[in-house]
Amino acid sequence: MTRVTGVVPGVVPSVLLGLVLALLPAWATATAEAAAPSHRAVLVFAKNHDDPFDSRLVWSLYERRGAEERLVERRDWRAGAGLPARGGKDPCVRSVGWPPDGSYRLTYHRDYGGNAIKGRAFRMDDKACRDGTVRRSLFIHTEQGAGSRQCADRPGDQLCRWEWPRINDYKSNGCLKMSPGDLRELAGLFERRFSAGVHPPLSRVDLQVRTVRPRWISQH
């Protein structure tokens, strides 16, 4: 008969118990992560051909738990795009026409420091229109100064002051323009689920620019 030596009673069970206890935190974390909901946002800019400066931007937030997904939040605001000139509705006219239809990835900035665009803003990816013209430097933004502040009221149209309705500040060189308060609300909703300064994939944040029927506009 072979005799096993060097085994102290109770050591093997103790070692196994230690391994189980060591693995429990990792198992619990993985379970919690699997149970935690994930979110994706879909923004729709609906072009209003009757009045490009009274178009709509719609925010929809979806929550996914496991294989199920449901709409948990929806907001919409007035927005404008393009200039009141010939070509304002042509997405292939740089610095004049509204942006081309399609999906855009976004990067949110809390305090963008551009020459004309400052403060909170969403940078849109470049997009080629139907004839291959690439539209660049497109944003969701408003008229404000650094730090998202409004400057003093002076004569004329100012890039750092929202002056609608006296001046049509919903017009733009192709960007999506919102009022300062509406942009602040959009940014607040975004920052509850997503981070500034990152470039999330379309599977998480998707801006869709669409040409829609006028009736769709009136329902939002």
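Given the structure is predicted, the values throughout are model-derived calculations rather than measurements.

Regarding its fold elements, the chain presents three helices and 11 strands. Its helices and strands in sequence order give the chain the pattern α-β-β-β-β-β-β-β-β-β-β-α-β-α, from N to C terminus. Out of the 220 residues belonging to the chain, those deemed buried represent 40%. For the chain, long-range pairs separated by at least 24 residues make up 59% of all intrachain contacts whose partners lie at least 6 apart in sequence. Accessible surface computed for the chain: about 12500 Å², of which carbon and sulfur atoms make up 53%.

One pass over the full model with this rule turns up two disulfides. For C92, the disulfide goes to C129, at an S-S distance of 2.0 Å. Residues C92 and C129 are joined by a disulfide whose S-S torsion is about 120°; by sign, that bridge is right-handed. With a gap of 37 residues between them, C92 in the loop between β3 (68-79) and β4 (102-104) and C129 in the loop between β7 (127-128) and β8 (134-135) connect regions that are remote in the sequence. Since its relative accessible area comes to 12%, C92 is described here as buried. C129 sits in the buried class, given a relative accessible area of 9%. With its sulfur 2.1 Å from that of its partner, C151 forms a disulfide with C160.

Most peptide bonds adopt trans geometry, and most residues besides glycine take a negative phi value. Note that the residue after W164, namely P165, is joined by a cis bond; omega there is 10°. Mapped onto the fold, P165 is located in the loop between β9 (138-141) and β10 (176-177). Positive phi, close to 65°, is recorded for S95, a residue that is not glycine. Structurally, the position occupied by S95 is in the loop between β3 and β4. Judged by its relative accessible area of 44%, S95 falls in the partly exposed class. Backbone geometry places S137, a non-glycine residue, at a positive phi of 55°. Assignment of secondary structure puts S137 in the loop between β8 and β9. The class of S137 is partly exposed, set by a relative accessible area of 44%.

With respect to the secondary-structure elements, G181 resides in helix α2 (residues 180-193). Residue classification places G181 among the partly exposed residues on the basis of a relative accessible area of 28%. In this structure the C-alpha to C-alpha distance between G181 and T142, which are 39 residues apart in sequence, comes to 9.3 Å.

Pairing in this open sheet of four strands is mixed, and the strands run β5-β6-β9-β10 from one edge to the other. On the outer flanks of this sheet lie β5 (106-113) and β10, each paired with one strand and no other. α2 rests against β5, β6 (118-124) and β9 of the sheet, and its axis sits at about 65° to β6.

Rules and cut-offs
Residues numbered from 1 in each chain as written. Predicted model: local features only at pLDDT ≥ 70, side-chain atom pairs only at ≥ 80, totals over all residues. Heavy atoms only, no water. Helix = DSSP H or I, 4+ residues; strand = E, 2+ residues; numbered from the N terminus. Buried < 20%, exposed > 50% of the residue type's maximum accessible area, 1.4 Å probe, protein only. Contact = heavy atoms within 4.5 Å. Areas by Shrake-Rupley, 256 points an atom, 1.4 Å probe, with all protein chains shown as cover. Disulfide = S-S within 2.5 Å. Pairing = 2+ DSSP bridges. Axes fitted to C-alpha atoms, helices over the stretch in contact; angles between N-to-C directions.

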